[in-house]
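One letter stands for each residue in the lines below.
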Amino acid sequence: MEQEVKRISDSMIEHIYQVRPEHLNAAGRLFGGQLMEWIDEIAGLVGMRHSNGNITTASVDNLRFIRGAYQNDLIVLMAKVTYVGNTSMEIRVDTYVEDFQGTRKPINRAYLTLVAVDSNDVPRKVPTILLETEGEKAEWEAAKRRKELRIQRQKEGF
Ligand SMILES: CC(C)(COP(=O)(O)OP(=O)(O)OC[C@H]1O[C@@H](n2cnc3c(N)ncnc32)[C@H](O)[C@@H]1OP(=O)(O)O)[C@@H](O)C(=O)NCCC(=O)NCCS
């Protein structure tokens, strides 16, 4: 059977939250665990849309906290597929704080590897992606290097 081909734009998602009191840690900043939940959730939704079914998170890396966020801040998450293997997908999630003029400052970038699974949780094949821009091609090449690093880290027991 011919492999399905999808565009990155077919599954990408942008979502906005406002930081509320229940999202803060004891120091009054956005709790990192809350942001990690939002990141995992949006990446999962992108993975489901791209793979037309269920997914599971295999790994999260490069979860880099660049700056904090505070009560009432608007938090924008943008998530898209950057690379697909046979059954796995790499999803990049960029998080920003947006002010009322619409200016965005990055606060986090994460790369998640999701695996598409069937009803028995067995990995299943995913559609490939159509790379339409130079930026998408460069991201694909960078993702291949990240995948090699992940395999290397796994071999070394990190
Ligand atoms: C992710 C999981 C389905 C992979 O199963 P597996 O038996 O290792 O499957 P395979 O060895 O056939 O690997 C399947 C794909 O996952 C990738 N993969 C497996 N472990 C990985 C890891 N730790 N990091 C990144 N990718 C990984 C493989 O590279 C492969 O990709 P490809 O098909 O695109 O080449 C399995 O490890 C699992 O269920 N883990 C628990 C996931 C979970 O519960 N997540 C929620 C956390 S609370």
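Summarised in this report is the structure supplied together with it. (Residues numbered from 1 in each chain as written. Predicted model: local features only at pLDDT ≥ 70, side-chain atom pairs only at ≥ 80, totals over all residues. Heavy atoms only, no water.)

The next point concerns the site of the ligand. Not every one of the 13 residues close to the ligand is listed here, only the nearest: Thr56, Thr57, Asn86, Thr87 and Ser88. Interatomic distance of 2.8 Å between a backbone N/O atom of Asn86 and an oxygen atom of the ligand. In this structure, a nitrogen atom belonging to the ligand sits 3.4 Å away from a side-chain N or O atom of Gln154. The fraction of the free accessible surface of the ligand (940 Å²) that becomes covered by protein chains is 46%. Elements with a minimum of two residues in the shell around the ligand: strand 3 (55-65), strand 6 (104-116) and helix 2 (134-155). With 4 residues, the single largest contributor to the shell around the ligand is strand 3. Split by residue class, the shell around the ligand holds 3 nonpolar, 9 polar and 1 charged. (Near = heavy atom within 4 Å. Polar contact = N/O pair within 3.5 Å; in protein donor to acceptor, adjacent residues only side chain to side chain. Areas by Shrake-Rupley, 256 points an atom, 1.4 Å probe, with all protein chains shown as cover. Helix = DSSP H or I, 4+ residues; strand = E, 2+ residues; numbered from the N terminus. Nonpolar A, V, L, I, M, F, W, Y, C, P; charged D, E, K, R; others polar.)

Bringing the packing of aromatic side chains into the picture now. Under the defined criterion, the tally for this structure stands at 2 aromatic pairs. Geometrically, the ring pair formed by Tyr17 and Trp38 is stacked, given 4.0 Å between the ring centres and 5° between the ring planes. Of this pair, Tyr17 sits in strand 2 (residues 13-18) while Trp38 is found in helix 1 (residues 32-51), placing the two residues 21 residues apart along the sequence. Given the relative accessible area of 4%, Trp38 is considered buried. Where Tyr83 meets Trp140, the ring centres are 4.5 Å apart and the plane angle is 50°; that geometry is what we call tilted. Highlighted residues: Tyr83 in strand 4 (residues 74-84) and Trp140 in helix 2, separated in sequence by 57 residues. Residue class for Tyr83 comes out buried when judged on its relative accessible area of 12%. (Phe/Tyr/Trp six-rings, centres within 6.5 Å; stacked < 30°, edge-to-face > 60°. Buried < 20%, exposed > 50% of the residue type's maximum accessible area, 1.4 Å probe, protein only.)

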